[in-house]
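A look at the structure
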Amino acid sequence: MGKSFDIGLDRLTGTGVPGIGETQEGGLNPPLQVAGDAESTFYLETFGCQMNDHDSEKVAGVLLARGYRQVDGPEAAKVILYNTCSIREKAAQKVFSRLGELRPMDERQGKSSNTEDTEEERRVHGDGQVLEKNHPSLRKIVNAAGGKIIGVLGCVAQQEGEEIFERAPWVSLVCGSASYRKLPQLIAELEAGNRRVTGLDTDTDETFETEITRRDNPWRAYLTIIEGCDKACSYCVVPFTRGPERSRASASILEEVRRLADAGYSEVQLLGQTVNSYADPSMRKMRFSELLAAVAEVSGIRRVRFTTSHPRDFGKDIVEVIEAHPNICDHVHLPVQSGSTTVLRAMARTYSREEYLEKIALMKAARRPISITTDMIVGFPGETEKDFEETLALLDEVQYDSVFAFKYSPRPNTPSLKMADAIPEEEKGRRLAILMDRQREIQRAQNEKLVGETFEVLVDGKSRRDNQWSGHTSSNRVMNFTSPERELLGDYVQVKVVSAMPNSLVGEMVGRA
Ligand code: SAM
Ligand code: SF4
């Protein structure tokens, strides 16, 4: 369940980027310290959205600054951390499945006289995927896990809190995203003999001010400008897991952007669950569009992206700022969730289909083409065949460049849990498949229209095959291209499109940008 698909533009992630962990000379990244104490190693695995990716950069920064060394696998780590996502049930289950792999031997042996897995064990392993108890490779990991600190961070930590200790007693640290600055202190408490520690505050803005962020991408830097969410969509756990909206002062954001530019980063991405609901807490009281313009005006910044925008707070001022600043990327991710006003009301999305389409019209009227992408949920309780048809019709009308579609997943504490007329899983799957097929054809046609055009591409990937590179256009399309150049990573180049696929473009380099 919860199957999602991503056809087309990637979601502003740093996926496929080489040089992970590389730093630039004089950059903001802390030097990768080899800890004096060989024990001070950590392994960090991230699940979920790019806000989580960025949170992990902060966590890694905090630990590296204190002499910890990052390792590639849980076997070699003293501290094992999972930065988790609970947006859909499947995402949350994945984490418990990982934790199941780390169950210590004695915990397992206590239960191993019983050849049947208990209900509890199935829950821990997640999604009916029961791991074989005496599998040699599993035993190796489990043995290696002895004496380690195992921590759950992020949304599952915030949502499940101390219950995680019940479900996986070998976990000793549970910490939500607002408390990452406290991590070294929490780990020190564990090393001093405390059995279990938690950091579960949600209403602190400490999270913006982690003093060091270990950035995974040497060209593109993420910056959280607003944390939490006040929108209360009836299906969503984010307001519970990330707390209320807190914005970061504009002067502090701009200062960081200047430092990033000085350090050689050419692209910044402003992040927030509802990034355009930004409300400057300082006396300057900058609106989101003003902040966007000010970021774009920082010398050395060649690309500015922002995500995710909420339709309610998306106005003409944002489109005007995009038009006025060529270095603000021509891409807006504007999640709609459903094409039916009835379903939108039940979702408490605060806009109707018509109001959403007015926002789309603002972008379609812009002086340069703006690529529009969205999120959709199928099978929300009570969604009729007619409602679903309206969602399909919206695809045709808007002609999105990419859609992230999800089957509705009931989540704890959310109002939609109690709604009548749940849609059977099979039907959700059928609707998702229809939506995907329809959207794939739209993207194929959209991308084919681009053959023959030339785009600026930030090169962020190199294939093992000679002369093959990849990167992103300003509209965030993936471009795979050929060039005989020896080194292009991090460069801006001009690429002519020679063919198109639903998810990407294929081109050849025609010059430097
Ligand atoms: N704040 C953003 C917004 O308002 O659109 C999105 C945040 S959420 C992390 C990303 C996407 O997950 C949502 O746009 C929605 O499509 C999907 N999502 C959230 N809760 C869901 C649920 N209970 N079931 C299925 N999909 C869900
Ligand atoms: Fe969740 Fe809605 Fe907030 Fe987005 S706006 S994070 S979907 S509650």
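Residues numbered from 1 in each chain as written. Chains lettered and ligands numbered in written order. Predicted model: local features only at pLDDT ≥ 70, side-chain atom pairs only at ≥ 80, totals over all residues. Heavy atoms only, no water.

Turning next to the site of ligand 1. Near ligand 1 lie 15 residues; those nearest to it are Tyr 235, Gln 273, Gln 337, Asp 375 and Ser 409. Computed on the free molecule, ligand 1 has an accessible area of 550 Å², of which 94% lies beneath the protein chains in the complex. (Near = heavy atom within 4 Å. Areas by Shrake-Rupley, 256 points an atom, 1.4 Å probe, with all protein chains shown as cover.)

With mixed pairing, the 5 strands of this closed barrel are ordered in space as β16-β17-β18-β20-β19. When the angles between neighbouring strand axes are averaged without regard to direction, this sheet yields 55°. Alignment of strand β16 (residues 454–462) against strand β17 (residues 468–473), held across 5 bridges, turns out to be antiparallel. Looking at the pairing, Leu 458 lines up with His 472 of β17. (Pairing = 2+ DSSP bridges. Helix = DSSP H or I, 4+ residues; strand = E, 2+ residues; numbered from the N terminus. Axes fitted to C-alpha atoms, helices over the stretch in contact; angles between N-to-C directions.)

Within the fold, Gln 159 resides in helix α6 (residues 154–160). The class for Gln 159 is buried, based on a relative accessible area of 18%. Excluding residues that lie within four positions of it along the chain, Gln 159 makes contacts with Ser 86, Val 237, Thr 241, Arg 411 and Pro 412. (Buried < 20%, exposed > 50% of the residue type's maximum accessible area, 1.4 Å probe, protein only. Contact = heavy atoms within 4.5 Å.)

Another point: the pattern of salt bridges. As enumerated under the stated definition, the model contains 38 salt bridges in all. Ionic pairing is found between Lys 78 and Glu 191, a salt bridge with its closest N-O pair at 3.8 Å. In this pair, Lys 78 is assigned in the loop between β3 (69–70) and β4 (79–84) and Glu 191 in helix α8 (residues 183–191), connecting sequence segments 113 residues apart. Between Asp 460 and Arg 220 there is a salt bridge, with its nearest N and O atoms 3.4 Å apart. Highlighted residues: Asp 460 in strand β16 and Arg 220 in strand β8 (residues 220–224), separated in sequence by 240 residues. Among the residues examined, Arg 220 registers a relative accessible area of 3% and is labelled buried. What you see here is one network of salt bridges that share partners, running through Glu 383, Glu 385, Glu 427, Arg 430 and Arg 431. (Salt bridge = Lys/Arg side-chain N within 4 Å of Asp/Glu carboxyl O.)

The next point concerns the environment of Thr 473. With respect to the helices, strands and loops of the structure, Thr 473 is situated in strand β17. Separated by 15 residues in sequence, Thr 473 and Leu 458 place their C-alpha atoms 6.7 Å apart. Apart from residues no more than four positions distant in its own chain, Thr 473 is found in contact with Arg 303, Arg 305, Phe 455, Glu 456, Val 457 and Met 479.

Another point: the sheet that holds strand β6 (residues 173–175). Spatially, the 6 strands line up as an open sheet ordered β3-β2-β4-β5-β6-β7, and their pairing is parallel. The open sheet has two free edges, formed respectively by β3 and β7 (197–199), since each of these has just one partner strand. Direction of pairing for β4 relative to strand β5 (residues 149–153): parallel, over a ladder of 5 bridges. Bridged to Ile 80 within β5 is Ile 150. On the sheet, helix α1 (residues 50–65) packs against β2 (41–46), β3, β4 and β5 and is oriented at approximately 175° with respect to β2.

Moving on, we get to the packing of aromatic side chains. For the coordinates displayed, the defined rule picks out 5 aromatic pairs. On the numbers, 6.3 Å between centres and 85° between planes, the contact of Tyr 235 with Phe 380 is edge-to-face. Taken together, the residues span a long stretch of sequence, with Tyr 235 in the loop between β9 (226–227) and α9 (238–242) and Phe 380 in the loop between β14 (371–378) and α15 (385–398) at a distance of 145 residues. Since its relative accessible area comes to 10%, Tyr 235 is described here as buried. For Phe 380, a relative accessible area of 0% puts it in the buried group. Seen in terms of ring centroids, Phe 288 and Phe 306 are 5.4 Å apart; in terms of plane orientation they differ by 65°. Their pairing is edge-to-face. In this pair, Phe 288 is assigned in helix α11 (residues 288–296) and Phe 306 in strand β12 (residues 303–307), connecting sequence segments 18 residues apart. Taking the relative accessible area as the measure of exposure, Phe 288 reaches 4% and is therefore buried. In this structure an aromatic cluster arises from ring pairing among Tyr 235, Phe 380 and Tyr 408. Positioned above the aromatic ring of Phe 96, the side-chain terminus of Arg 167 is 3.7 Å from the ring centre. Of note, Arg 302 hangs over the ring of Tyr 492, and the distance from its end group to the ring centre comes to 4.0 Å. (Phe/Tyr/Trp six-rings, centres within 6.5 Å; stacked < 30°, edge-to-face > 60°. Lys NZ or Arg CZ within 6 Å of the ring centre and 35° of its normal.)

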